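Chain residues, written in single-letter form:
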Amino acid sequence: MAATFSELWNGIAPIGRAANGGYLRYALEEPELVLRDWFRNQAARRDMPVTDDGNGNLFAWWGDQWGHDAVLTGSHFDSVPHGGGFDGPLGIVSGFLAVDELRRRGHVPSKPIAVVAFVEEEGGRFGVPCLGSRLLSGAIEPSQAAALTDREGITFGEALGDTPAGRLPGLTSRIGALVELHIEQGRALEVPVGVASAIWPHGRWRFDFTGHGDHAGTTRMADRRDPMLTFAYTVLAANKEARLNGAHATMARVEVEPNATNAIPSLVRGWLDARAAETGTLDTMVEAILKRAHERAGRDGTEISVTSESFSAEVTFETSLAARISSLLGDAPILPTGAGHDAGVLSAHVPTAMLFVRNPTGVSHSPAEHADEADCVEGIGALARVLGDLT
């Protein structure tokens, strides 16, 4: 199996790789489209018909297409800007190889199995994470999703070629379970494979800081209404509130107008990513960040408007399914995560579970993201056992 994993993994490794070693695989742009073709080719080699749900999600079928109680596995191809190669694609490669392993063993599934590639999981192009699974489950309206725009002003509907289809009819009877394999995005896992217990609640908020654009060389410091100052203070406030609340807050994306070295900006737009172990803690932290930002704006003579772009509630994966999988895998550890996933979105509608493959450094969303080949092979074997048990 190791040789087969290397063959598939090395086949996709160059696609969308930037000069720094990270990946630029944005939903429905060329590198991701190439990977979608790769998905279709891998499915064809295995005589697995591919369907598209009208939302951009791809499904490769072993058994009846959308038959009763189908068991899904897979993940996503898209990356964050200059992200790592394992976040997402590992789950898809592992899904195909787990099917190979089950066939090698002579397993005949009593339920359909599908390897799935969800679209726009990271939200790196259109801003809403897990967009494909949100559409599939009805968590976002098709018209709202279609109108989302990227940095070039292209809408999701234009990139997709149509208005998304939205919620899958008969979702709860057609999908019996989803098992998503993913690299662990932390340092908690000390053995090759673990099982997820929960996903922290998390959300994204867009802050528009407006002030008065002016000349950097002639405008007295006392006369300035500089939104960059308010933004900078808000970044520090978010960091402090996260530490006080035992939570996570990050402002790592920013747009500036006019973005000139010798001009005081008129607009600074920044995005807050906030996460916590409990919803109450998350609400308290975000409230405190907003309060401190508005207080600072009053001192700077600037204004703030805040837009909630996405929110994912706390997810507790079905405990009986997680326990069953852990037992099946020799009492594999069960652990929570602060990262969002398509499995988390679908967990509100169908039984879902996640397998984590050990990450030796804990680094993710970075070119340094890595999983050892031996652990990846262990993950494939574990996924095959789980899929075999569920079908």
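Reading guide: rules and limits
Residues numbered from 1 in each chain as written. Predicted model: local features only at pLDDT ≥ 70, side-chain atom pairs only at ≥ 80, totals over all residues. Heavy atoms only, no water. Helix = DSSP H or I, 4+ residues; strand = E, 2+ residues; numbered from the N terminus. Buried < 20%, exposed > 50% of the residue type's maximum accessible area, 1.4 Å probe, protein only. Contact = heavy atoms within 4.5 Å. Areas by Shrake-Rupley, 256 points an atom, 1.4 Å probe, with all protein chains shown as cover. Lys, Arg positive; Asp, Glu negative; His and termini not counted. Charge placed at Lys NZ, Arg CZ, Asp CG, Glu CD. Pairing = 2+ DSSP bridges. Axes fitted to C-alpha atoms, helices over the stretch in contact; angles between N-to-C directions. Parallel < 35°, antiparallel > 145°, perpendicular 65-115°, else oblique. Left-handed = near helix turned anticlockwise from the far one by under 90°.

- By the naming in an unreviewed UniProt entry, the protein goes by Allantoate amidohydrolase and is assigned to Paractinoplanes ovalisporus.

### As for the overall build of the protein
Stage number 1. A count of helices and strands for the protein gives 12 helices and 15 strands.
Stage number 2. By its C-alpha atoms, the protein is 80 × 40 × 40 Å across when sized along the principal axes.
Stage number 3. Taken over 391 residues, the protein has a buried fraction of 54%.
Stage number 4. In the protein, once contacts between residues fewer than 6 apart in sequence are set aside, the share between residues at least 24 apart is 76%.
Stage number 5. Surface accessibility of the protein: about 16100 Å² in total, with carbon and sulfur atoms responsible for 49%.
Stage number 6. Of the charged side chains in the protein, 33 are positive and 50 negative; the average position of the first set lies 3 Å away from that of the second.

### Points about the pairing of strand E2 (residues 58–62)
Stage number 1. Counting buried residues in E2 gives 5 out of 5 residues, a clear majority hidden from the surface.
Stage number 2. Side chains Leu-58, Ala-60 and Trp-62 of E2 all project onto a buried face; the interleaved residues Phe-59 and Trp-61 project onto the opposite face, where all are buried too.
Stage number 3. One ladder, built from 3 bridges, connects strand E1 (residues 50–52) with E2; its direction is antiparallel. Along E2, the bridge assignment pairs Asp-52 with Leu-58.
Stage number 4. Following E1, the chain reverses through 5 residues before pairing antiparallel with E2; Gly-54 in that reversal takes a positive phi of roughly 85°.
Stage number 5. Looking at chain direction, E2 and strand E4 (residues 113–118) are connected through 5 bridges and run antiparallel. The partner of Trp-62 across the bridge, within E4, is Ile-113.

### Things to note about the sheet that holds strand E9 (residues 248–257)
Stage number 1. Ordered in space as E9-E11-E7-E12, the 4 strands form an open sheet in which the pairing is antiparallel. Since the sheet does not close on itself, it has two edges, and those belong to E9 and strand E12 (303–312), each with one partner. Each neighbouring strand pair of the sheet contributes to a mean axis angle of 15°, computed without reference to strand direction.
Stage number 2. Across 8 bridges, the pairing between E9 and strand E11 (residues 267–275) is antiparallel. From the neighbouring strand, Glu-255 faces E11, where its bridge partner is Arg-269.
Stage number 3. Packed onto the sheet, helix H8 (residues 227–245) meets strand E7 (202–210), E9, E11 and E12 and runs at close to 170° relative to E9.

### Comments concerning the packing of H8 against helix H9 (residues 279–300)
The relative placement of two packed helices is expressed as an angle between their axes plus a distance between the axes.
Stage number 1. In contact at an axis separation of 9 Å, H8 and H9 are set at 150° when each is read in the N-to-C sense. Relative to H9, the element H8 lies roughly antiparallel. The handedness of the crossing between H8 and H9 comes out as right-handed. Taking contact as the criterion, the partners of Leu-229, Thr-230, Tyr-233, Thr-234, Ala-237, Ala-238, Lys-240, Glu-241, Ala-242 and Asn-245 in H8 are, on H9, Thr-281, Thr-284, Met-285, Ala-288, Ile-289, Arg-292, Ala-293, Arg-296, Ala-297, Arg-299 and Asp-300.

### Observations concerning the environment of Ile-264
Stage number 1. With respect to the helices, strands and loops of the structure, Ile-264 is situated in strand E10 (residues 263–264).
Stage number 2. By relative accessible area, Ile-264 is classed as buried at 4%.
Stage number 3. Here the alpha-carbon distance between Ile-264 and Tyr-23, two residues 241 residues apart in the chain, equals 33 Å.
Stage number 4. When neighbours within four sequence positions are excluded, Ile-264 is seen to be in contact with His-212, Gly-213, Asp-214, His-215, Ala-216, Thr-219, Arg-224, Asp-226 and Pro-258.

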